[in-house]
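Read off the chains here:
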Amino acid sequence: MPKIAADGQHLTVLNLFSTDADEKQVKLLAAMREIVDSAAYEGWISSTVHAGQDKPGTANFIQWRSTEDLESRYAGEEFKHRTLPLFGEITTSIRLLQNEIAFTQHKPELGATEISPDRDDYTAIELFGVAEEDQENLIDALGGSQEWLLDVPGYRTHTVLRGLRARGIEGKFVVVYSQWDSKEAYDAFRAQRESERSPERQKVDARVAAVQTWQDENTYRVVHTRNAGE
């Protein structure tokens, strides 16, 4: 079961694919499972496949030993001539995001942030565009300034990823990967009226709005995972 920690020990990659039909999501998931189950790449640590919930699409949360190992995979003939063309046929967008874990927080009783189909997390992945000079401010606003989330009903964990480089996104970015008890809990949190939000949340909302240049998100369920050596 992959664990998420801000220990700087590896590169974290999020491959996000969107599509326009549920049946194409099924094809994406099948293709991703096949790739994950046969993975034997130098420096590859783990891959965890997610199925889109609010919108058709998939996410793959991948841990690599280093950027060099990942770039070697991207430079391979299989990736260039089979993997990318296959995904290009059934997606409306492809975002390949290289990141480092900047912050993690979890309910104390969980002990750690883990991702697995054996868990029942309802997962949200949010992307934020940001100017380079504002990236660290946005990371702080989305991370260390949100201890109040521990008291929100249904909240489990959240992780802030510092965007390093990407294919499919221009400029700097920040990613938030959060886990919740249920869709109902997450939707209730997002739908809360601004006037009913705590002062701490309103302050964070204002900080984020002041520096983000764009935002996108989707919600997911984890459906498959595999670690190197399995």
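In what follows, the structure referred to is the one given above.
Note that the structure is predicted; figures quoted are calculated from it, not measured.

Over the atoms, a rolled probe matching the size of one water molecule traces out where space is still vacant. Considering only enclosed or pocket space, the largest pocket measures out at about 400 Å³ in volume. As for the largest pocket, its lining consists of 22 residues, and the residues nearest its centre are Glu-126, Phe-128, Leu-142, Arg-190 and Asp-205. In terms of residues, the lining of the largest pocket owes the most to one element, helix H6 (residues 199-211), which gives 5 residues. Partitioned by chemical class, the residues of the lining of the largest pocket number 12 nonpolar, 5 polar and 5 charged. There is about 200 Å³ of room inside the second largest pocket. Together, 15 residues line the second largest pocket, and Ser-18, Arg-95, Asp-216, Asn-218 and Tyr-220 are the ones closest to its centre. Taken together, the residues of the lining of the second largest pocket sort by class into 6 nonpolar, 5 polar and 4 charged.

So, about the pattern of salt bridges. On inspection of all chains with the given rule, the structure shows 19 salt bridges. Among the salt bridges present, the one from Lys-183 reaches Asp-54, with a minimum N-O distance of 3.3 Å. Here Lys-183, found in helix H5 (residues 183-191), pairs with Asp-54, found in the loop between strand E3 (44-52) and strand E4 (57-64); they are 129 residues apart in sequence, far enough to count as distant. Since its relative accessible area comes to 31%, Lys-183 is described here as partly exposed.

Secondary-structure assignment places Val-49 in strand E3. Given the relative accessible area of 0%, Val-49 is considered buried. The spatial distance from the C-alpha of Val-49 to the C-alpha of Ser-116 is 9.0 Å, given a sequence separation of 67 residues. Leave out the neighbours within four places in its chain, and Val-49 touches Leu-29, Met-32, Val-36, Ala-59, Asn-60, Arg-221, Val-222, Val-223 and His-224.

Counted according to the given criterion, the structure contains 1 cavity of 30 Å³ or more. Lining the largest cavity are 21 residues, with Asn-15, Ile-35, Asn-60, Ile-62 and Arg-73 positioned closest to its centre. Secondary-structure elements contributing two or more residues to the lining of the largest cavity are strand E2 (11-18), helix H1 (22-38), E3, E4, helix H2 (67-75) and helix H3 (77-90). Sorting elements by how many residues they give to the lining of the largest cavity places H3 first, with 4 residues. In the lining of the largest cavity, the residues fall into 16 nonpolar, 4 polar and 1 charged.

The rules we used
Residues numbered from 1 in each chain as written. Predicted model: local features only at pLDDT ≥ 70, side-chain atom pairs only at ≥ 80, totals over all residues. Heavy atoms only, no water. 1 Å grid on protein atoms, 1.4 Å probe; cavity = no way out; pocket = protein on both sides within 12 Å on 5 of 7 lines; lining within 4 Å. Points joined across faces, edges and corners; volume = space filled by probe spheres on them. Helix = DSSP H or I, 4+ residues; strand = E, 2+ residues; numbered from the N terminus. Nonpolar A, V, L, I, M, F, W, Y, C, P; charged D, E, K, R; others polar. Salt bridge = Lys/Arg side-chain N within 4 Å of Asp/Glu carboxyl O. Buried < 20%, exposed > 50% of the residue type's maximum accessible area, 1.4 Å probe, protein only. Contact = heavy atoms within 4.5 Å.

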